Amino acid sequence: MRNVFVTGGAGFIGSHCVISLVKNGYKPIILDNFSNSHQSIIKKLEKITKKKIIYYNVDIRDKKKLKLIFKKHPCYAVIHCAGFKAVGESVENSVCYFENNVGSTLALLECMQKNKIYKIIFSSSATVYDDDKALPLKENGKIGNTKNPYGTSKYIIERILKDLAKSDSRWSIRIARYFNPISNHPTGLIKENPKGALNNLIPYIVKVAQKKISELKIFGKDYNTKDGTGVRDYVHIMDLADGHTAMIKKISHKKGLKIYNFGTGKGWSVLEVVKAFEKQTGISIPYKFTKRRKGDVAISICSPKKALKELNWKAKYDLDHAIIDIKKIL
Ligand SMILES: NC(=O)c1ccc[n+]([C@@H]2O[C@H](COP(=O)([O-])OP(=O)(O)OC[C@H]3O[C@@H](n4cnc5c(N)ncnc54)[C@H](O)[C@@H]3O)[C@@H](O)[C@H]2O)c1
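Source: prediction; values computed, not measured.

**Section: helix H9 (residues 270–281)**
Over its 12 residues, H9 runs 16 Å from end to end, which matches the ideal 16 Å to within 8%, given 1.5 Å per residue. What H9 keeps buried is the set Val-270, Leu-271, Val-273, Val-274, Ala-276, Phe-277, Gln-280 and Thr-281. Elements that come into contact with the buried residues of H9 comprise helix H7 (201–209), strand E8 (216–219), strand E10 (234–236), strand E12 (268–269), strand E13 (287–290) and helix H11 (319–326). In the segment just after H9, Gly-282 is the residue with positive phi, at about 75°.

See the structure below:
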């Protein structure tokens, strides 16, 4: 059975990747410092997968510890999800964001290289795309005119990986540009559960539905969209997790660097998401409009055609299905 290291494997995306890997016959090993996740997730993952999950409480900037882990477990490939992801926080503390996101990636690559492991999947983001009108966004579209240090950190890492692939032909590098991952495993046992600030729409709506927050703040109602609110491409987290396994399955077929969008290709406005949530759950979500949030774009929708063509990956679930699964965590 092939070991796949999942950095940030206790977090939202990494933990769902762990489930998909087990389902597909791989052995995931989690490397996480639990800075934005909870150790209790391991038991939940074991319950879902019915397998013992090996994990290390390690900061992947800690090269000494990393070295010991790589010595102990032969590793087939790495899925690199670890990193900070709050856009607002990144504006307030950019040095810390670059230090963690870029620093941890460099430490990881160095360790992989020393151990002759050359297969990596990197969690990138739709935020690397330039804010132009060429929608849906395609993998060869313009990138780099990022709007905040978080996005810049993703862009810098992509550049580092591109140069690495060019300079050393042993590497197989896959860059996964996520659009808006939502929902949770259908058991409802694990979910997006950040320790820090709420950034994403769905966890925010969930808190309002649970009456932990009185109303949803909608940032901006004057965008050039169907109803004035921002439009995003929401992808079910289980679909996204399966996308990683699809990449792992094919990663040895072609060396070099490949980039894939992971989204549905469809856009939903904030108000449409709120309405769909209310319809599926019967819970009313009070909201108020506030001014636009710095760094947000009006519309972000991807073309997922490349992933279909090359990985045979396609999102199976739509927004309604995602909300049906979210109901399990309410
Ligand atoms: N969730 C999204 O909407 C989204 C969208 C696009 C890209 N991404 C990227 O995907 C990745 C995973 O996102 P997520 O939503 O699961 O975030 P998350 O915060 O839930 O998970 C990240 C995990 O990485 C861990 N971590 C952070 N720094 C670490 C370090 N130095 N060493 C070890 N562990 C560390 C955290 O404890 C956490 O468990 C991130 O890189 C994020 O930038 C997320």
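**With respect to the pattern of salt bridges**
Scanning the model with the defined rule gives 17 salt bridges in all. Here Glu-46 ties to Lys-52 by a salt bridge, and the two come within 3.4 Å at their closest N and O atoms. Through salt bridges that share partners, Lys-23, Asp-242 and Lys-316 make up one connected network.

**What about the layout of surface pockets?**
Looking at the second largest pocket, its volume works out to about 340 Å³. Lining of the second largest pocket is provided by 17 residues; of these, Val-87, Gly-88, Glu-89, Asn-199 and Arg-293 occupy positions nearest its centre. Of all elements in the fold, only helix H4 (87–92) and E8 reach the threshold of two or more residues within the lining of the second largest pocket. Sort the elements by how many residues they give to the lining of the second largest pocket and H4 lands first, with 5 residues. The residue inventory of the lining of the second largest pocket, partitioned by class, reads 7 nonpolar, 4 polar and 6 charged.

**A short note on the site of the ligand**
As a structural note, the neighbourhood of the ligand is formed by 28 residues, with Asp-32, Asn-36, Ser-37, Lys-85 and Tyr-150 the closest of them. A distance of 3.0 Å separates a nitrogen atom of the ligand from a polar backbone atom of Ile-60. Take Cys-81: an N or O atom from its main chain is 3.0 Å from an oxygen atom of the ligand. Considering each element in turn, the shell around the ligand owes the most residues, 3 residues, to strand E5 (residues 119–125). Here the shell around the ligand is built from residues that sort into 11 nonpolar, 12 polar and 5 charged.

**Re helix H8 (residues 237–250)**
Between its terminal C-alpha atoms H8 stretches 20 Å, which fits the 20 Å expected from 14 residues at 1.5 Å a residue. With 12 of 14 residues buried, H8 is to be regarded as a mostly interior element. All buried positions along H8 are accounted for by Ile-237, Met-238, Asp-239, Leu-240, Ala-241, Asp-242, Gly-243, His-244, Thr-245, Ala-246, Met-247 and Ile-248.

**Remarks on the environment of Tyr-129**
Tracing the chain through its elements places Tyr-129 in the loop between E5 and helix H6 (149–167). Along the sequence, Tyr-129 and Ala-307 sit 178 residues apart, while their C-alpha atoms lie 17 Å from each other. Setting aside its immediate chain neighbours within four residues, Tyr-129 contacts Leu-137, Lys-138, Glu-139, Gly-141, Lys-142, Ile-143, Arg-177, Phe-179 and Asn-261. Looking at Tyr-129, its side chain comes within polar contact range of the main-chain oxygen of Lys-138, at 3.3 Å.

Analysis parameters
- Residues numbered from 1 in each chain as written.
- Predicted model: local features only at pLDDT ≥ 70, side-chain atom pairs only at ≥ 80, totals over all residues.
- Heavy atoms only, no water.
- Helix = DSSP H or I, 4+ residues; strand = E, 2+ residues; numbered from the N terminus.
- Expected span 1.5 Å × (residues − 1).
- Buried < 20%, exposed > 50% of the residue type's maximum accessible area, 1.4 Å probe, protein only.
- Contact = heavy atoms within 4.5 Å.
- Salt bridge = Lys/Arg side-chain N within 4 Å of Asp/Glu carboxyl O.
- 1 Å grid on protein atoms, 1.4 Å probe; cavity = no way out; pocket = protein on both sides within 12 Å on 5 of 7 lines; lining within 4 Å.
- Points joined across faces, edges and corners; volume = space filled by probe spheres on them.
- Nonpolar A, V, L, I, M, F, W, Y, C, P; charged D, E, K, R; others polar.
- Near = heavy atom within 4 Å.
- Polar contact = N/O pair within 3.5 Å; in protein donor to acceptor, adjacent residues only side chain to side chain.

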